[in-house]
Amino acid sequence: MSQDPMDFEWSYWIEWGRERILWLLAGHLLVSQVSRLLVEKYKPWCLMVYGMAACWLLLGIKGFAVILLHATISFAVAQFQLSLLTWLCSLILLSTLRVPAVEEAKKLLCGPKSVIPMLAIGIHWQAKMRDCDALAIGIHCQAKMRDCDTSTKALLNFWVEAGHSSSSHGFEGLLCKLLKQEAFSLKTNLSILIVGIIRIFFWWFLAELMIHLMYIHALYSSAPPLEAASYWALGGLALAQVLFFYVKYLVLYGVPALLLQMDGLKPPALPCCVSLMHSFTKMWRSFDVGLHRFLVRYIYVPMGGSQSSLLGTLFSTALTFAFVSYWHGGQSYLWYWGALNWLGVIVENGVKRILSVSVIQDLI
């Protein structure tokens, strides 16, 4: 049975997953468990070597060099422990993904066109993780990183986690895990792995069923069917699309979350079902928990957040959504999307404040 080919992200990751990524992640799992069982002290080094080798195999030597260059620049800038400088560096590196001349250079450098989206995605996630890494170093290095060996292991392990984690895992949490040696149980890990694989395969089967039977994205890419549909049908299509989006990310986030669990770390919670959400605020808090933590910790709160004046709150919220739009690609439709989400959050919080006034509550 043919499938809906219009969802590029799902088709792309499934193709790469079958060819290489799943095998490389299985290798990471094997290296992680064996090193944790036999040489716990050197586990970060083992994972670093394997992670770099996997990146090399996946992207080629030139693609790996680009990723390594980004990481090296970010790490060097982080040593100054200046948040503004860190952000400036990260935004400049992120902007290189959208400069036409740089795009052409990457195509010439990396060879096959199919590698370019993988490289771009890798640098996107790396930029996010490097921001988190560098800012956290500036805050916590003097308090928690006196031991050079421990700090080196933390940085190495964080580099590995950044390579396969789709959701931000705070540097502080990772550092605490490394400083606190926990008992390793092969039996417990095996049960976590079996249950996790069953759940991921169930989600994957459901997503494949939807993309083979519903053709949601193909319908959205053609104007005539949409123009002919009733408002009820359009509402059903919209609901079907967001439900597929939810199931898709259960798979795409579920795989790295399972690996983080197997590494002895606690991943951010997986997305909540969109059918249970009725507000913009809850959607942002509950769908991508790692991204939400990152945005709140490193943009919203430092810019004043809810503790500042009304204008300050509006500005810090707008800046947060501006970063989200730019980080996702910066195309015009993403700016509209970010602006509408910002407006939705502002209206919801404004109505909440109005309803909390005692006079209004008495009237209700």
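About the thresholds
- Residues numbered from 1 in each chain as written.
- Predicted model: local features only at pLDDT ≥ 70, side-chain atom pairs only at ≥ 80, totals over all residues.
- Heavy atoms only, no water.
- UniProt positions renumbered as here; feature names shortened; annotations may be inferred.
- 1 Å grid on protein atoms, 1.4 Å probe; cavity = no way out; pocket = protein on both sides within 12 Å on 5 of 7 lines; lining within 4 Å.
- Points joined across faces, edges and corners; volume = space filled by probe spheres on them.
- Helix = DSSP H or I, 4+ residues; strand = E, 2+ residues; numbered from the N terminus.
- Disulfide = S-S within 2.5 Å.
- Buried < 20%, exposed > 50% of the residue type's maximum accessible area, 1.4 Å probe, protein only.
- Contact = heavy atoms within 4.5 Å.
- Phe/Tyr/Trp six-rings, centres within 6.5 Å; stacked < 30°, edge-to-face > 60°.
- Salt bridge = Lys/Arg side-chain N within 4 Å of Asp/Glu carboxyl O.

Going by what an unreviewed UniProt entry lists, the protein is known as Protein-cysteine N-palmitoyltransferase HHAT and is assigned to Eudyptes chrysocome. What UniProt records for the protein under Sequence similarities (unreviewed entry) is the sentence "Belongs to the membrane-bound acyltransferase family. HHAT subfamily." Its UniProt record, at the heading Subcellular location (unreviewed entry), says of the protein: "Endoplasmic reticulum membrane".

**With respect to the layout of surface pockets**
Here the second largest pocket is characterised by a volume of approximately 580 Å³. Lining the second largest pocket are 19 residues, and of these Thr281, Tyr300, Thr317, Val345 and Asn349 lie nearest its centre. Elements with a minimum of two residues in the lining of the second largest pocket: helix 12 (280–286), helix 13 (289–300), helix 14 (310–327) and helix 15 (332–356). Per-element accounting of the lining of the second largest pocket gives the leading share, six residues, to helix 14.

**Regarding the state of the cysteines**
Within this structure, the stated rule accounts for zero disulfides. Here cysteine 273 stays free of any disulfide, with the sulfur of cysteine 272 as its closest cysteine sulfur at 8.6 Å. According to the relative accessible area criterion, cysteine 273 is partly exposed, its value standing at 23%.

**Description of the side chain of lysine 248**
Positionally, lysine 248 belongs in helix 11 (residues 231–262). Residue class for lysine 248 comes out buried when judged on its relative accessible area of 4%. Beyond its immediate sequence surroundings of up to four residues, lysine 248 is in contact with Asp7, Glu9 and Trp10.

**Side note on the packing of aromatic side chains**
What the rule picks out here adds up to 12 aromatic pairs. Ring centres of tryptophan 87 and phenylalanine 323 lie 5.4 Å apart, and the angle between their planes is 85°; on these two criteria the pair is classed as edge-to-face. Separated by 236 residues along the polypeptide, tryptophan 87 in helix 3 (residues 83–95) and phenylalanine 323 in helix 14 bring together distant segments of the chain. Owing to a relative accessible area of 10%, phenylalanine 323 belongs among the buried residues under this scheme. Seen in terms of ring centroids, phenylalanine 245 and phenylalanine 287 are 5.3 Å apart; in terms of plane orientation they differ by 20°. Their pairing is stacked. Taken together, the residues phenylalanine 245 in helix 11 and phenylalanine 287 in the loop between helix 12 and helix 13 connect sequence positions 42 residues apart. What makes phenylalanine 245 partly exposed here is its relative accessible area of 33%.

**Brief notes about the UniProt feature "transmembrane region" (unreviewed entry) in the protein**
Mapped onto this numbering, the UniProt entry annotates "transmembrane region" (unreviewed entry) at residues 20–39, 46–69, 75–97, 190–211, 231–252 and 310–328. Note that residues 20–39 is 95% helix and 0% strand, and that its end C-alpha atoms are spaced 27 Å apart.

**Thoughts on the pattern of salt bridges**
The tally for this structure, following the rule as stated, stands at two salt bridges. Aspartate 7 is paired through a salt bridge with lysine 248; the nearest N and O atoms lie 3.2 Å apart. One end of the pair, aspartate 7, is in the segment before helix 1 (8–38); the other, lysine 248, is in helix 11, and 241 residues separate them in sequence. A residue is classified by how much of its surface remains accessible, and aspartate 7, at 5% relative accessible area, is buried. Two residues, lysine 248 and glutamate 9, come together in a salt bridge whose shortest N-O distance is 3.0 Å. Separated by 239 residues along the polypeptide, lysine 248 in helix 11 and glutamate 9 in helix 1 bring together distant segments of the chain. Given the relative accessible area of 26%, glutamate 9 is considered partly exposed. Taken together, the salt bridges that share partners define one network made up of Asp7, Glu9 and Lys248.

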